[in-house]
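# Notes for the structure review
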Amino acid sequence: ARGWLVPGVLPELCFDEFFLKFNLLDVPCLKLALSKALGFGIIAGSVMVKLPQIVKLVRAGSAEGLSFKSILLEMLALTGTMVYSITHGFPFSTWGEVLFLMLQTLTIGFLIQHLGGSTAMGFLFLGGFFSLLAISLSPVVPMAMITAMQATNVPAIVISRLIQATTNYRNGHTGQLSAITVGLLFLGSLARIYTCVQETNDSLMMVTYVVSSACNGLIVAQLLYYWNARPTGKPPQQHKQQQQKKKKN
């Protein structure tokens, strides 16, 4: 058991306390174990956290109510966090969900363009992102720039959520925004505050997750407020199909 638990899941000191001395009430190790459990739980949940949003977009054939600008800023924040965590050698349990959220957010960004009739722009978005990621993880980028990327996460998160919140307010509904996805993101960001304090003690990361929790909470509040509000218009794809049927007749 030591081979796969140490040091990936528990430090050697805590392994000895739990499994050799059977001291299951060691407070520092209990806090760390809880943090690890939360961290891996968040990662496991993140694998499918945005899947309801993706399914909702595909089924509706419309991305109405979703802001592409918000997606771009969210991708910037996610990329900055992942690159910063990797270069600082933080445990995977403290940032692993970012990888899966990034891939799913990338898919949503492509779908927004594709469903809006700009598939070529969607592929350009994918290509541009992977190019930026490769450069960011390469040795040519100095550590000071990586830290600056992480520092820009706070305004990027705030602006991205405010853009989405403004879009919701102007529309008078939340469109195709998934309540499950938004709720899970909110809970995940709250839990990350605790794991960050326990495992990294990095003030920049902590501020990022506190701000992220507050901003995600705003979108959750809007979802609850506009719960019974629905888009008045028909999805573009459905409208096009109806127009084509009329022409045939």
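Since this is a predicted model, take the numbers as computed values, not measurements.

### A few points about the nonpolar core
- Core analysis: the biggest nonpolar cluster contains 37 residues, and Leu57, Met75, Met102, Ile108 and Ile112 have the highest contact counts within it.
- Those elements that provide at least two residues to this core are helix H4 (51–60), helix H5 (68–87), helix H6 (96–115), helix H7 (119–136), helix H10 (179–199) and helix H11 (203–225).
- It is H6 that provides the largest number of residues to this core, a total of eight residues.
- Residues in contact with Met75, not counting those within four places in the same chain, are Met102, Thr105, Leu106, Phe125 and Phe129.
- Leu73, Ala156, Ile157 and Cys215 belong to the second-largest nonpolar core, a separate cluster that totals seven residues.

### Observations concerning the UniProt feature "transmembrane region" (unreviewed entry) in the protein
- Following the UniProt record, one finds the feature "transmembrane region" (unreviewed entry) at residues 30–49, 70–86, 119–137, 175–194 and 206–227.
- For the annotated span residues 119–137, helix accounts for 95% and strand for 0% of the residues, and the straight-line distance between the end C-alpha atoms is 28 Å.
- In the segment residues 206–227, helix accounts for 91% and strand for 0%; the C-alpha atoms at its two ends are 31 Å apart.

Conventions used here
Residues numbered from 1 in each chain as written. Predicted model: local features only at pLDDT ≥ 70, side-chain atom pairs only at ≥ 80, totals over all residues. Heavy atoms only, no water. Core = buried A, V, L, I, M, F, W, Y, C linked by side-chain atoms within 4.5 Å. Buried < 20%, exposed > 50% of the residue type's maximum accessible area, 1.4 Å probe, protein only. Helix = DSSP H or I, 4+ residues; strand = E, 2+ residues; numbered from the N terminus. Contact = heavy atoms within 4.5 Å. UniProt positions renumbered as here; feature names shortened; annotations may be inferred.

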